[in-house]
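Observations on chain architecture
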Amino acid sequence: MELLLNPVVISLVKVLVIILLFVMVVGTVLTLMERKWMSAVQDRIGPNRANIGSFRGRGTLHIAADGLKSIFKEDTVPEGANRFVFTIAPFFGFFSAIVIWAVIPFAGPLGGFTFQITDVNIGMLLVFAVTSLGVYGTVLAGWSSNNKFAVLGAARGTSQMLSYEIFLGLSLVGLFMIVGSVRVSDLVAYQNTYWFGDVLPKWGVLTQPVSCVLFFVAMLAEAKRLPFDAPEGESEIIAGYFLEYSGMRYAAFMLAEYVAIVGIGALTVTLFFGGYHVPWLHADGFHLLGAVLPLPAWLVVLLQLGAFIGKVLFFCWLVIILRWTVPRFRFDQIMALGWKRLLPVCLANVAVTALVLLAVDGWQ
Amino acid sequence: MLVFFYLFAAAAVLGALGVLLLRNPVYCALSLVATMSALGGVFILLNQEFVAAIQILIYAGAIMVLFLFVIMLLNLRSDEQFIARWNPGKVVGIAMALVILAQLVGVFTSASATLGPAGEYPAERIAKEGAVEIVGGLLVTQYVLPFEVASILLMVAIIGAVVIAKRQIAKPSQEGR
């Protein structure tokens, strides 16, 4: 019992539960759901042939089939490649996609137990720091493959990710100014305060609508999802920076991409869509227009957990359905959009937010 | 805590040695990334999470990526370009390094090398008020002039880089006419 209450052990258990039971599971299922939704958009049935005997499970067995296939496929290293760098490159993207989950809260505190691995002081800065390391996966994979298409993909990927990292940080400045903190728990708690007494929740998307759109776009570009997937660009440079990879290392790139999609969902929800909060649900029950519906603490936490997971899954669906809705931008269009359109909008958003805050709070 | 310090310190020193001793420029750059990240870890042990995040975000995540990017585009593969030769510059450099080493050893072994009084911002205050809030507040009040001077210096450097790059681009097109 003593061992179970040790804070280090508790944190380790949280890490294992969140990563293995939520992030990896959703990421893996998304690999199949992407193909299912894509076929729905294109009026096809999609993968449904993997079977055990007569059981097909509407294609769910393809997850297992894909996993087995990548494990048993030969792990090739191209001739002239830098073997060491080629081997370690897939893990960088994976690292940055996983570590951001350290600060994401899944539900409100229950007694002394928090549903968040760590609530560090620097909060979102930690997220920026680890996402900035993800670019090494792209640059090293492309360079070490000894393939001109891979180098092209890496060059595109690096410049795109470095550029959009700037908007990623700048787009959130307005939100930080309103809340007055970069700590994730503060950002989430602020979204459970209300306008007009207790009617309209101050969700990030309502207080900072421009910032919400900019952040979502920057995250898409950071994860190299369509319409920002010029670094992969199947029709131009085959698969870009990871075209020489096979077997499990290729699967690592793919899985990192889908885990990153879940991360986009979680960050967008946490910052702009109330985090784990259900509107009008406080720690002791629902409050609306003076009426109170008291609920036990465990039910509140359960509702919050469900709300968070539901919202995250909605944004995963949105990211994937975007891929089958919009065409790919050309690489120069991506850079022009970033530096000539989004950067001025980001800066204007910060300036306007500052002026509004000054007008509301007054000069102190 | 001490275990983590030795881990990060060892990683930082090994990375720094790697930068100096490895021949492949990509390995050198990666070693520098390891050193920067390990330094970030040391800053966390010093209760400076903000400096740690900035260290990783700026040095490991942005500047070193640009280094790698340039190395990748130049494709510096061959080791021959980096064969060490003795020259006067190197002798002077080694002498200077030895002087600095002697000074550091002297300072840290002298009798006056004790911990000074606690400063204005001990760990408890940073934990309570938040490192970002403290640094931000100081930057726009007490240190606003150095802050603005540094930003103008950076802007001059950026404009300079753009001017130099534009001249390089403009030349071939003029010759083509």
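One structure accompanies this document, and this report is about it. All figures in this text were calculated on a predicted structure; none of them were measured in a lab.

Focus on the nonpolar core
Counting residues in hydrophobic clusters, the biggest one holds 106 residues, and the most contacted among them are Trp 101, Met 124, Tyr 136, Leu 140 and Leu 172 of chain A. Shared between two domains, this core holds at least three residues of each, these being domain 1 (1–110) and domain 2 (120–177) of chain B. Ignoring any residue separated from it by four or fewer positions in sequence, one finds Trp 101 of chain A in contact with Ile 18, Ile 19, Phe 22, Val 23, Phe 106, Ile 117, Val 259, Val 262, Gly 263 and Ala 266 of chain A. Ranked by size, the runner-up nonpolar core spans five residues in total, among them Val 278, Leu 281, Leu 295 and Ala 307 of chain A.

A closer look at the packing of aromatic side chains
With the rule as written, the count across this model stands at 23 aromatic pairs over all chains. An aromatic cluster of three or more residues is present, and its members are Phe 86, Tyr 241, Phe 242, Tyr 245, Tyr 250 and Phe 253 of chain A.

Quick notes on the sheet that holds strand 3 (residues 281–282) of chain A
Pairing between the strands of a sheet comes from backbone hydrogen bonds, and it takes one of two forms, parallel or antiparallel. All names here are of chain A. One open sheet accounts for three strands, arranged 3-4-5; its pairing is antiparallel. A single partner strand is all that each edge strand has here, and the edge strands are strand 3 and strand 5 (291–294). Where strand 3 meets strand 4 (residues 285–288), two bridges bridge the pair, whose relative direction is antiparallel. In the strand pairing of strand 4, Leu 281 is matched with Phe 286.

Focus: the interface of chain B and chain A
Chain B puts 27 residues into the contact, and the matching count from chain A is 27 residues. The interface formed by chain B and chain A includes one residue pair in polar contact (both at pLDDT 80 or more). At 14 residues, helix 3 (residues 49–74) of chain B tops the list of elements feeding residues into the side of chain B that touches chain A. Considering only residue class, the side of chain B that touches chain A consists of 20 nonpolar, four polar and three charged.

Remarks on the environment of Gly 93 of chain A
All names here are of chain A. Along the chain, Gly 93 falls in helix 3 (residues 83–99). Measuring from C-alpha to C-alpha, the distance between Gly 93 and Val 352 comes to 35 Å, with 259 residues separating the pair along the chain. Those residues in contact with Gly 93 that lie beyond four places of it in its chain are Gly 134, Gly 137 and Ala 256.

Side note on the side chain of Thr 35 of chain B
All names here are of chain B. For Thr 35, the location among the structural elements is in helix 2 (residues 25–45). For Thr 35, a relative accessible area of 10% puts it in the buried group. A distance of 3.1 Å separates a polar side-chain atom of Thr 35 from the backbone nitrogen of Ala 16. If we skip the residues at most four places from it in the chain, Thr 35 touches Ala 12, Gly 15 and Ala 16.

Considering helix 2 of chain B
The terminal C-alpha atoms of helix 2 of chain B lie 31 Å apart, and with 21 residues this matches the ideal 30 Å at 1.5 Å per residue to within 8%. Looking one or two residues past helix 2 of chain B, Asn 47 of chain B carries a phi angle of roughly 65°, positive in sign.

Concerning the layout of surface pockets
Space inside the largest pocket adds up to approximately 2,200 Å³. Lining the largest pocket are 44 residues, with Gly 169, Leu 170 and Val 173 of chain A together with Ile 54 and Phe 147 of chain B positioned closest to its centre. At the level of elements, helix 4 (124–133), helix 6 (148–179) and helix 13 (331–361) of chain A together with helix 3, helix 6 (131–140) and helix 7 (144–176) of chain B are the ones that each hand at least two residues to the lining of the largest pocket. Tallying contributions element by element places helix 6 of chain A first for the lining of the largest pocket, with 11 residues. Looking at the lining of the largest pocket residue by residue, the classes come out as 34 nonpolar, eight polar and two charged. Lining the second largest pocket we find 33 residues, and of these Val 99, Thr 118 and Leu 126 of chain A together with Phe 8 and Ile 44 of chain B sit closest to its centre. When residues of the lining of the second largest pocket are traced back to their parent elements, those giving at least two are helix 1 (7–41), helix 3 and helix 4 of chain A together with helix 1 (2–21), helix 2 and helix 3 of chain B. For the lining of the second largest pocket, a count of residues per class yields 26 nonpolar, six polar and one charged.

What counts and how
- Residues numbered from 1 in each chain as written.
- Chains lettered and ligands numbered in written order.
- Predicted model: local features only at pLDDT ≥ 70, side-chain atom pairs only at ≥ 80, totals over all residues.
- Heavy atoms only, no water.
- Core = buried A, V, L, I, M, F, W, Y, C linked by side-chain atoms within 4.5 Å.
- Buried < 20%, exposed > 50% of the residue type's maximum accessible area, 1.4 Å probe, protein only.
- Domains from an automatic or database assignment.
- Contact = heavy atoms within 4.5 Å.
- Phe/Tyr/Trp six-rings, centres within 6.5 Å; stacked < 30°, edge-to-face > 60°.
- Pairing = 2+ DSSP bridges.
- Helix = DSSP H or I, 4+ residues; strand = E, 2+ residues; numbered from the N terminus.
- Polar contact = N/O pair within 3.5 Å; in protein donor to acceptor, adjacent residues only side chain to side chain.
- Nonpolar A, V, L, I, M, F, W, Y, C, P; charged D, E, K, R; others polar.
- Expected span 1.5 Å × (residues − 1).
- 1 Å grid on protein atoms, 1.4 Å probe; cavity = no way out; pocket = protein on both sides within 12 Å on 5 of 7 lines; lining within 4 Å.
- Points joined across faces, edges and corners; volume = space filled by probe spheres on them.

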